[in-house]
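Residue strings, one per chain:
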Amino acid sequence: MRPATVATLALLVLAPSGGAARPPPPPEAPSAPAPQANTKAGIVTLQNPAPEAFLLREGTFTMGSTPSEVAHAQTLCTLEPMGRECPEQIFGDEYPPHEVYLSDVWIDRTEVTVARYRRCVAAGHCLEPPYASGAARFDRPELPVVMVSYGDAVAFCTWAGGRLPTEAEWERAARGARGRRYPWGNLWNGVIVNHGKLSWDELDPTDGFLELAPAGSFPDGRTPDGFADMAGNVEEWVADYYAPRYQEGSVMNPRGPSSGEERVLRGGGYVHGRPFLRAASRQHDLPSMRRPWRGFRCARDA
């Protein structure tokens, strides 16, 4: 389930580089978008649109957290409005750190937007998100699609010619080969990510958005490889079943447990504070659950 909520904390305390090349266009996008006009101070320039995905090159990285990194995550909780250290078990599912080899893979630059998702709905392959049930404010084409289940995410990525990224692929894209703490680096910066706070009121407008932001709204929060919104805005479904501990030793292209009740979520959303926006942080929930701070991005085999 969604860990590290305020209620949970109250009970416990009183939770190789990629290239910027464009992949072969997926079925949903038979041709590249045309250059866009940008007008500023009376001057019109043409800008090529950003690629939809980046190629994450094969290589090895360390997945998970060391005890010292978990201890740091605990102290980050003291900097939140609640001002208390989180119990270690909230971050215990980041153990043990282990070496992972990954093959080449394409991963979407941003979270899947409402506009992209609606093309799948129109094609009859995806279910309409339940926006009509009191969530109409999220039904805007430039926003990441939310209120989607794990099955909805799988259906879209399959229709688009891909799949959900594995948990290891997602973490490698967010952390890089050198293991950044956050997608942009090792220091917290609350103005380059759409975040929440560890408080009784989890919404935080100080980043410029009370709830969802349009996909790609924080260019300074991108990874050096160009991946956007890998922290904050919406937490993202990934392919793996959830297990409370990683397997020991080095692994190649891990796919996670072969079965389970819950699926993994990564990246944190607009309701999460800084400890849970670290690139190593893990969330988990039943695959049928839908949340307004939950979406996904797709991957494709290279």
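Conventions and cut-offs
Residues numbered from 1 in each chain as written. Predicted model: local features only at pLDDT ≥ 70, side-chain atom pairs only at ≥ 80, totals over all residues. Heavy atoms only, no water. Pairing = 2+ DSSP bridges. Helix = DSSP H or I, 4+ residues; strand = E, 2+ residues; numbered from the N terminus. Contact = heavy atoms within 4.5 Å. Axes fitted to C-alpha atoms, helices over the stretch in contact; angles between N-to-C directions. Salt bridge = Lys/Arg side-chain N within 4 Å of Asp/Glu carboxyl O. Buried < 20%, exposed > 50% of the residue type's maximum accessible area, 1.4 Å probe, protein only. Expected span 1.5 Å × (residues − 1). Arc of directions from axis to C-beta. 1 Å grid on protein atoms, 1.4 Å probe; cavity = no way out; pocket = protein on both sides within 12 Å on 5 of 7 lines; lining within 4 Å. Points joined across faces, edges and corners; volume = space filled by probe spheres on them. Nonpolar A, V, L, I, M, F, W, Y, C, P; charged D, E, K, R; others polar. Core = buried A, V, L, I, M, F, W, Y, C linked by side-chain atoms within 4.5 Å. Disulfide = S-S within 2.5 Å.

### A look at the sheet that holds strand β5 (residues 98-102)
Item 1. The three strands are arranged β4-β5-β8 in an open sheet whose pairing can be described as mixed. The open sheet has two edge strands with one neighbour each: β4 (59-63) and β8 (251-252).
Item 2. Pairing analysis gives two bridges linking β5 to β8, with the strands arranged parallel. Its bridge partner being in β8, V100 is matched across the sheet by V251.
Item 3. In this fold helix α5 (residues 167-175) packs onto β4 and β5, with an angle of close to 90° to the strand it touches most, β4.

### Examining the pattern of salt bridges
Item 1. Using the criterion set out here, one finds 24 salt bridges in the structure.
Item 2. The shortest N-O distance in the salt bridge between R300 and D108 comes to 3.1 Å. Linking R300 in strand β12 (residues 299-301) with D108 in strand β6 (residues 105-108), this pair joins segments that are 192 residues apart in sequence. The same class applies to R300 as to D108, namely buried.
Item 3. In this structure, the salt-bridge partner of E167 is R282, at a minimum N-O distance of 2.6 Å. Placement of E167 in helix α5 and of R282 in strand β10 (residues 282-285) is noted, with a sequence separation of 115 residues between them.
Item 4. With relative accessibility at 3%, the residue E167 sits in the buried group.
Item 5. The class of R282 is buried, set by a relative accessible area of 4%.
Item 6. One network of salt bridges, with partners in common, ties together E167, E171, R175, R266 and R282.

### Regarding the sheet that holds strand β7 (residues 235-241)
Item 1. Strand order in this open sheet of four strands is β10-β9-β7-β11, and the pairing throughout is mixed. For this open sheet the edge positions go to β10 and β11 (294-295), each flanked by a neighbour on one side alone.
Item 2. Across four bridges, the pairing between strand β9 (residues 263-266) and β10 is antiparallel. Each bridged residue has a counterpart across the sheet, and for R266 the counterpart in β10 is R282.

### Details of helix α2 (residues 67-78)
Residue pairs three or four apart in sequence face the same way in an α-helix, which turns once every 3.6 residues.
Item 1. With 12 residues, α2 ought to run about 16 Å at 1.5 Å a step, and its terminal C-alpha atoms sit 18 Å apart, in line with that.
Item 2. When α2 is considered as a whole, its buried residues turn out to be E69, V70, A73, Q74, L76 and C77. Looking straight down α2, one finds that the buried residues subtend no more than 155° of arc, so they occupy a single side. Those residues of α2 that are exposed and angled more than 90 degrees off the buried face are P67 and S68.

### Section: the layout of surface pockets
Item 1. Roughly 190 Å³ of volume is contained in the second largest pocket.
Item 2. Considering the residues around the second largest pocket, the lining is formed by 14 residues, among which D240, Y246, Q247, G256 and P257 are closest to the centre.
Item 3. Counting residues per element, the ones that place at least two in the lining of the second largest pocket are α5 and β7.
Item 4. When its residues are assigned to classes, the lining of the second largest pocket shows seven nonpolar, three polar and four charged.

### Description of the nonpolar core
Item 1. Within the largest apolar cluster, 29 residues are counted, with the highest numbers of intra-cluster contacts made by Y117, Y131, V145, F156 and F296.
Item 2. Elements with a contribution of two residues or more to this core: α3 (114-122) and α4 (150-159).
Item 3. For this core, the element with the most residues is α4, which contributes five residues.
Item 4. Sequence-distant contacts of Y131, that is, excluding residues within four places in its chain, are made with V114, R118, A136, F138, D139, V145, V146 and M147.
Item 5. Ranked by size, the runner-up nonpolar core spans 14 residues in total, among them L56, V105, A173 and F227.

### Concerning the state of the cysteines
Item 1. Scanning all chains against the criterion turns up three disulfides.
Item 2. What pairs with C77 in a disulfide is C86, and their sulfur atoms sit 1.8 Å apart. The chirality of the disulfide connecting C77 with C86 is left-handed, given an S-S dihedral of about -100°. Assigned by exposure class, C77 and C86 land together as buried.

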